[in-house]
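The chain contents come next:
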Amino acid sequence: MATTGGSGLASNNSEDDVAAVTKTKQISSALSVMHTRSWETCYYCPCESFKTSADFVKHLRDRHCTREGGSFVCRYGFNGVCPSLPLDGVSDRDYDAHVAKYHVNQLTRELPPEWSVFSAAQNLPAVLNDPSRGKQSNLFTKKWGDAFVEKTYIPPTPRLPEITYTDFDRYIAKIGKRYRRHERMCAQQTPAAMAEREAKAPTSPTHTVSLSAIPDIFLKEQLNLNHPATFALVFPSIAASSSEENKQSGRLLQEKLSHYLDIVEVKIAHQVSQKSAAFFHAMTSQDAIMTEMQEAAYNVRELRASLRTLHQSAVVDSFRVMRFAQRRQNFEEALDKLSLMATVHKTQPMLQLLLGTQDYVAALDLIGTTQEILTQELIGIHCFKHLPMQLTEMEKLIDKMLTTEFERYATTDLNRPLSDVLNETESVCSEEDKLVCIVMGLLRKKNFSFVTAYKDEAIVTIRAIIKQLVIEVIASSDAELCLTGAGEEAQSLSISEWIALLKKATVALLTILQRIRAVTGIMRQTTDAAAGRCGGVEGVAQDSAVNLIDSEAFLTAADHTQVTERLEELLVTVCNYCHERCANLVSTQSLERAVATVDEVEQLTAVVDEFSAGCEEICGAPSVPLKVAAKVQASRFANRFHTERKQKLALLLDSERWRQVDIPNEFQKIIDRMGMRDFQQPASKSFAESLGATLNGHSTTNSSSSSNNSNSIKSQANPVLLIEGKPFSLVSAALLLVQMLSDYCHCAARLPIIAGYLSRNIVDLLRTFNSRSCQLVIGAGAMRVAGLKTITSTNLALVSRALQLVLWLLPKIRAHFASYDANSVSGFDSIEKDYHSHIKEIENKIYSIVTERVSMQLEQWDARPPIPSQSFRNISRHLVKLHEAIAPILPEQQIHIIYGIVHRNFKDKLREQVLKLNIINNGGPQHGVVTSELTFYMETLRTLKALPPPELSDDILESIWTF
């Protein structure tokens, strides 16, 4: 019962203590709130603190205030809303008053609301709608609950391992033993021991009192009664009561403090009583510990004596031996250092020796090795403090020496005299070993600018060679010439002199380019050796390969690629420069006053092609400038060639009287060769001149030689031209056109470079002939230009035959030019269509003339005697005249076509006249007259053989009555 009562008392005391402590905490928090001024910190900016209220007001204006027009809105509150100021805003002065009243000088400070689940807000449609699921049809029919949203399986994260029971096996095995031991010890405690322990326990109710009954203020490490808040907590009612009451409350306070002291003493005594057994055990074991310590001190003294004896007998001598070995090692290292210093001291004489033998790589390696030794092994040696600077200067001197030697070698090698411009008997590269040494040294220094220096020197040499050749040409010429700044002559040399100059220049430049390629090959081979690569170099014969310096590879793959690309670019650049300089020799400015012939243009293109092929073989890339310049000159020749012939053809067409001429045998040979597509052999010059004089009608006024040639041509002429066994009667303009076409084809065979221009010029020439002949014959322009009285059917037939000859030649000419440039023959199709259309128009013109005259006679005809009537006699005469005009010229098939159309028109016109005269097929007198007239008409056609045999029957006697 006593125990129970004690527990109840302790419980009551504990509840009182808890209430007192809670009240004390509330008082402390209130005091702390009163103590902390409201403007020292900002609720919503926890990192901000302010020393004065002015700083706090400035912070509110900058961070928690918005200005809308001239009004200020305070945002110092939860969610940016001040609870004391309306959202409409106030003036600047009212805003300062608001801040001073509600935020600076307020006595109580509102705590910011704590965040809870109700503070979160979310749009309901955003919660209910899942954009990844698309439109849901059963969204508004679902029942609210945990199944409203489908559960989604969340896969385990790959960042956290999976924990299983096996992971706790080690822990269980470790703790299991201790736990079983603990259980065993608890089981060993008998009930009697438990009762004895309970009997020994104090029965006073005071020992059950906990320290929670004591206010926390007394348990703090720093209890400062000078602080007003602390003093108020310790003496709560002294200041509010009278002096008598102060005495009474002071006694009560003293008793309470005494009670707190008793509780603490009881707790201390209880703690000491619990540890008394351990205290007495420690006191009893102290004697044993002192005994063990004395024994341990004795053992330590014995051990130290043994160690002293061992040190004097064994350790000292051994250490002396080790010290002597270390000293010997130090002496050897010092000797090695002295030997190394002596070797380094001999660096400069060795460098002089290596430079004398032009072993630049070894000299640079020696400098690099010496500098490495000085920085790693001989660092701090006073006698060598100036040697690194001397080695650096020596390295710069070697670099400058290498650059100078390379420039001197390049100048000497490139300016060697050209002993044989076609094939040098000497080696194309002089002093190869020297070049290898210089290039290897430059590569060792990573001075890759030697490629650019060699390119510049090569360009200077090329410029000097071309200038020297031009000077030699000028010296051998009698004309007064002047040189331009570029070294080329200004527009005064003849074509032959320019071609000779260009040929000399190309041969000399190819020789120089061969030397440059040989030197470049040596450089490339040296670069490969410096990079640790081996193999032959294109352009360098295996039997004359240089002996490379035997050294380790020091060039990286990137540097090797860079040097190789520069060497390849060097060859391409030099070849392009040669082409550009040669292009200046054949530019339009230098040849614009000269008139080149086809032979000269052929020589020019041959020189250009040979030089371009040689350059492409050397550098592996085609060069364009010289080819473009040559093509420009060739195109100028083609334009002049075409202009001359076009003007000549136009003059001949204007003076053409459209009469048949005899065909010379030489012209027959030209046509035969063109038929076999043999355009390599042109017409002889005497034949061309005599033919032109004969066709122009000036043979009687030319010189005696031209007259004799034209007479000989006439004596060997034929009346017609035979093509594949078919006769062609031609006019002089057609002969000249064919001769021009042959010249174009022959020129294209000799100058393939201008085949495209010539092909388009042929199209233009044929179009000119077609349009002009149409204007002169069908358009009757010849009556005004050439003085013809009328355009006859013979004239029309001759034009048609000339057009047919051109149509026969077109496929041959097209195939010839297509073999050179397939894109240049696109205009032949339109020309062929134009010529067919022109021939058809001529046929229409011929039968329209006859049909008109036949129609006029039939309109005057009447079915009455005599038979044949005068009208049918006139019709027969017109048919005979037409046949006499076109039969010797046009082929039989074309004559049949023309007479077939005339025959159909005759039948149509006769039917109209029979209907007009009201004649019917009844066997009467008028029917007999018509039959007799038709019989006479058909006899005329049979005599002329103007129609095919099937159409010369008497079917007309019956078909004429078919309406």
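Computed from a prediction, not measured in an experiment: that's the story for all the values here.

K.L.:
Explain the overall build of the protein chain to me, please; I cannot follow it from the model alone.
P.N.:
Regarding its fold elements, the protein chain presents 32 helices and six strands. Residues counted as buried form 36% of the 963 residues belonging to the protein chain. Within the protein chain, residue pairs in contact and separated by at least 24 positions form 72% of the contacts whose partners lie at least 6 positions apart. If you sum the accessible surface of the protein chain, you get close to 57,900 Å²; carbon and sulfur atoms cover 55% of it.

K.L.:
Honestly, the nonpolar core in this entry has me stumped. Any pointers?
P.N.:
Nonpolar side chains in soluble globular proteins tend to end up buried together. Grouped together as the largest cluster of nonpolar side chains are 107 residues, with contacts concentrated most on Y899 and F906. With 14 residues, the single largest contributor to this core is helix α27 (residues 793-818). Every residue in contact with Y899, bar those within four places of it in the chain, is listed here: L879, L882, H883, I886, L941, L944, A946 and L947. In terms of nonpolar packing, the next biggest core, distinct from the first, is built from 80 residues, I466, L570, A583 and V607 among them.

K.L.:
Would you explain the environment of C437 in this entry?
P.N.:
Among the secondary structure elements, C437 is positioned in helix α14 (residues 432-444). Overall, C437 belongs to the buried group, its relative accessible area being 15%. Separated by 89 residues in sequence, C437 and T526 have C-alpha atoms that sit 8.9 Å apart.

K.L.:
For this particular structure, what's the right way to read the packing of aromatic side chains?
P.N.:
Enumeration over the complete set of coordinates arrives at twelve aromatic pairs. With 5.5 Å between their ring centres and 85° between their planes, Y44 and Y76 make a pair best called edge-to-face. Of this pair, Y44 sits in the loop between α1 (2-35) and α2 (53-63) while Y76 is found in the loop between β2 (71-74) and α3 (92-104), placing the two residues 32 residues apart along the sequence. Accessibility expressed as a relative area gives 32% for Y44, which makes it partly exposed. On the basis of relative accessible area, Y76 is assigned to the buried category, the value being 7%. Taking 5.9 Å as the distance between ring centres and 40° as the angle between the ring planes, the aromatic pair formed by F637 and F641 counts as tilted. Of this pair, F637 and F641 are both found in helix α20 (residues 625-655), four residues apart, which corresponds to roughly one turn of the helix. Accessibility classification places F637 together with F641 in one group, the buried group. Grouping aromatic residues by their ring pairs yields a cluster made of Y44, F50, F56 and Y76. Against the face of F641 rests R645, its NZ or CZ located 3.5 Å from the ring centre.

K.L.:
Teacher, can you tell me more about the side chain of S793 here?
P.N.:
Within the element layout of this structure, S793 appears in helix α27. Judged by its relative accessible area of 15%, S793 falls in the buried class. Ignoring any residue separated from it by four or fewer positions in sequence, one finds S793 in contact with I846, L882, A885 and I886.

K.L.:
How should the pattern of salt bridges be read in this particular structure?
P.N.:
Side chains bearing opposite charge may pair, as long as their charged atoms lie close to each other. Scanning all chains against the criterion turns up 17 salt bridges. Between D317 and R320 there is a salt bridge, and its shortest N-O distance comes to 2.9 Å. Of this pair, D317 and R320 both sit in helix α10 (residues 276-345), three residues apart, which is roughly one turn of the helix. Residue classification places D317 among the partly exposed positions, given a relative accessible area of 40%. Here the salt bridges do not stand alone but share partners, grouping R61, D92 and D96 into one network.

K.L.:
What is the right way to look at the environment of E568 in this model?
P.N.:
Residue position: E568 is located in helix α17 (residues 557-585). On the basis of relative accessibility, which here comes to 42%, the residue E568 falls in the partly exposed class. In this structure, the C-alpha to C-alpha distance between E568 and R517, residues 51 residues apart in sequence, is 9.7 Å.

K.L.:
What's the story with the pairing of strand β1 (residues 65-68) in this structure? I'm lost.
P.N.:
Two faces, one strand: in a regular strand the side chains alternate between the faces of the sheet. Pairing of β1 with β2 involves four bridges; the strand directions are antiparallel. Paired with C65 across the bridge in β2 is C74.

K.L.:
Help me understand the packing of α27 against helix α29 (residues 870-886) in this model?
P.N.:
Each pair of packed helices can be described by the angle between their axes along with the distance between the axes. Between α27 and α29, whose axes approach to 8 Å, the crossing angle comes to 40°. α29 is crossed by α27, and the crossing has right-handed handedness. Residues S793, T794 and A797 of α27 touch α29, and the partners they reach there are L882, A885 and I886. Grouping the amino acids of the contact of α27 with α29 by side-chain chemistry returns four nonpolar, two polar and no charged.

K.L.:
Please explain a positive patch on the surface as it appears in this structure.
P.N.:
Residues K177, R180, R181 and R184 make up a contiguous surface patch of positive charge. Counting through the fold element by element, R184 comes out in helix α5 (residues 169-188).

K.L.:
Got a minute to help me understand a nonpolar patch on the surface in this structure?
P.N.:
Together, I163, F168, Y171 and I172 line one region of the surface with nonpolar side chains, adding up to about 460 Å² of accessible area. With respect to the helices and strands, Y171 occurs in helix α5.

K.L.:
Sorry if this is basic, but what is going on with unusual backbone geometry here?
P.N.:
Peptide bonds are trans in most cases, and residues, glycine excluded, mostly fall at negative phi. The linkage connecting P865 with the following residue, P866, adopts the cis geometry, with an omega of 5°. The topology assignment puts P866 in the loop between α28 (828-859) and α29. With an omega of -5°, the peptide bond running from I867 to P868 counts as cis. Following the sequence through the fold, P868 ends up in the loop between α28 and α29. Phi is positive for E724, close to 55°, though the residue is something other than glycine. Classification of E724 by relative accessible area gives exposed; the value is 63%.

Criteria and thresholds
Residues numbered from 1 in each chain as written. Predicted model: local features only at pLDDT ≥ 70, side-chain atom pairs only at ≥ 80, totals over all residues. Heavy atoms only, no water. Helix = DSSP H or I, 4+ residues; strand = E, 2+ residues; numbered from the N terminus. Buried < 20%, exposed > 50% of the residue type's maximum accessible area, 1.4 Å probe, protein only. Contact = heavy atoms within 4.5 Å. Areas by Shrake-Rupley, 256 points an atom, 1.4 Å probe, with all protein chains shown as cover. Core = buried A, V, L, I, M, F, W, Y, C linked by side-chain atoms within 4.5 Å. Phe/Tyr/Trp six-rings, centres within 6.5 Å; stacked < 30°, edge-to-face > 60°. Lys NZ or Arg CZ within 6 Å of the ring centre and 35° of its normal. Salt bridge = Lys/Arg side-chain N within 4 Å of Asp/Glu carboxyl O. Pairing = 2+ DSSP bridges. Axes fitted to C-alpha atoms, helices over the stretch in contact; angles between N-to-C directions. Left-handed = near helix turned anticlockwise from the far one by under 90°. Nonpolar A, V, L, I, M, F, W, Y, C, P; charged D, E, K, R; others polar. Patch = residues over 30% accessible without salt bridge, like charges linked within 9 Å, V, L, I, M, F, W, Y side chains within 5 Å. Lys, Arg positive; Asp, Glu negative; His and termini not counted. Charge placed at Lys NZ, Arg CZ, Asp CG, Glu CD.

None of this, on its own, says anything about what the molecule does.
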